[in-house]
Structures are given as structure tokens and as C-alpha cells.
Amino acid sequence: MAEVKLPDEFLDTVSGGVLPEGWEKMADEMAPSLRAQYPDVTYEEACAMLAAYVSDPADQEAIKAYMRKYF
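No experiment lies behind these values; they were computed from the predicted model shown.

The rules behind each value
- Residues numbered from 1 in each chain as written.
- Predicted model: local features only at pLDDT ≥ 70, side-chain atom pairs only at ≥ 80, totals over all residues.
- Heavy atoms only, no water.
- Axes fitted to C-alpha atoms, helices over the stretch in contact; angles between N-to-C directions.
- Helix = DSSP H or I, 4+ residues; strand = E, 2+ residues; numbered from the N terminus.
- Parallel < 35°, antiparallel > 145°, perpendicular 65-115°, else oblique.
- Left-handed = near helix turned anticlockwise from the far one by under 90°.
- Contact = heavy atoms within 4.5 Å.
- Nonpolar A, V, L, I, M, F, W, Y, C, P; charged D, E, K, R; others polar.
- Expected span 1.5 Å × (residues − 1).
- Bend = angle between axes of the 7 residues up to and from the residue.
- Buried < 20%, exposed > 50% of the residue type's maximum accessible area, 1.4 Å probe, protein only.
- Phe/Tyr/Trp six-rings, centres within 6.5 Å; stacked < 30°, edge-to-face > 60°.
- Core = buried A, V, L, I, M, F, W, Y, C linked by side-chain atoms within 4.5 Å.
- pLDDT = per-residue confidence, 0-100.

## Re the packing of helix α2 (residues 23-37) against helix α4 (residues 57-67)
A pair of packed helices is captured by two measures, namely the crossing angle of their axes and the spacing between those axes. Running from N to C, α2 and α4 cross one another at 50°; their axes reach a closest spacing of 11 Å. In this view, α2 runs oblique relative to α4, as classed from their interaxial angle. Considering the relative orientation of α2 and α4, their crossing is right-handed. Where α2 approaches α4, its residues Trp-23, Glu-24, Ala-27, Asp-28 and Ala-31 are matched on the opposing element by Ala-62, Ile-63, Tyr-66 and Met-67. Taken together, the residues that form the contact of α2 with α4 break down as seven nonpolar, no polar and two charged.

Structural data, given as C-alpha cells:
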């Protein structure tokens with residue numbers, strides 16, 4: 001499984017259990033570069049990696065549901 005590193009500024013905004021307003025725009029800006037960096041990563045692998053960075057279950061589900069469109 002490929003390892004995905006998310007920028008610290010992104011992690012700072014999603015940690016703590018409250019996604020900031022406009023997080024979807026940030027995700028839309030980051031997703032294409034992450035997909036280019038890890039072209040063979042599956043949705044399930046990406047979700048597993050994401051879980052290591054976002055501790056709040058509700059935030060994890062929101063981000064996973066939103067990012068589904070990139071897979």
C-alpha cells in the first residue's frame with residue numbers, strides 16, 4: 001500500500017473533530033495532486049491512510065464520502 005502524506009496545514013484544519021468552512025475546496029485542490037503522486041492507490045487504501053490523520057469518526061466519514069468522487 002502506498003503511503004500518502006497530507007500537508008500539515010490540511011491536517012491542522014481537520015484535526016479536532018470540526019471541519020472548517022470551505023474544507024471541500026481544499027480537498028478539491030489537493031486530490032488531483034495526491035492522485036497523480038499515487039496513481040494506483042485504491043479508495044479503500046486512501047481511506048485507511050486518511051484515518052491515521054483524522055481522528056474524529058464523523059470527520060472521517062464526511063471526508064471519505066466527499067473524496068469518493070476521485071476514485
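## With respect to α2
Taking 1.5 Å per residue, 15 residues should reach 21 Å; α2 reaches 21 Å between its end C-alpha atoms and fits that length. Largest kink in α2: about 30°, centred on Met-30, with the proline Pro-32 one to four residues after it. Along α2, the residues that are buried comprise Trp-23, Ala-27, Met-30, Ala-31 and Leu-34.

## Some remarks on the packing of aromatic side chains
Following the criterion strictly, the structure yields two aromatic pairs and no others. On the basis of an interplanar angle of 65° and a centroid distance of 5.5 Å, the ring pair of Tyr-43 and Phe-71 is categorised as edge-to-face. Of this pair, Tyr-43 sits in helix α3 (residues 43-51) while Phe-71 sits in the segment after α4, and the two are 28 residues apart along the sequence. The class of Tyr-43 is buried, set by a relative accessible area of 17%.

## A closer look at the nonpolar core
Leu-19, Trp-23, Ala-27, Ala-31, Leu-50, Val-54, Ile-63 and Met-67 together form the largest nonpolar core, which totals eight residues. Residue assignment for this core shows that the elements contributing at least two residues are α2 and α4. Sorting elements by how many residues they give to this core places α2 first, with three residues. Setting aside anything within four residues of it in sequence, one finds Trp-23 in contact with Ala-62, Ile-63 and Tyr-66.

## Digging into the confidence of the model for the protein
The predicted coordinates ought not to be read in detail in places where the model reports low pLDDT. Predicted confidence across the protein gives a mean pLDDT of 80, with 76% of residues reaching 70 or more. Looking across the protein, the model is least confident in helix α1 (residues 8-14), with a mean pLDDT of 60, and most confident in α4, with 89.

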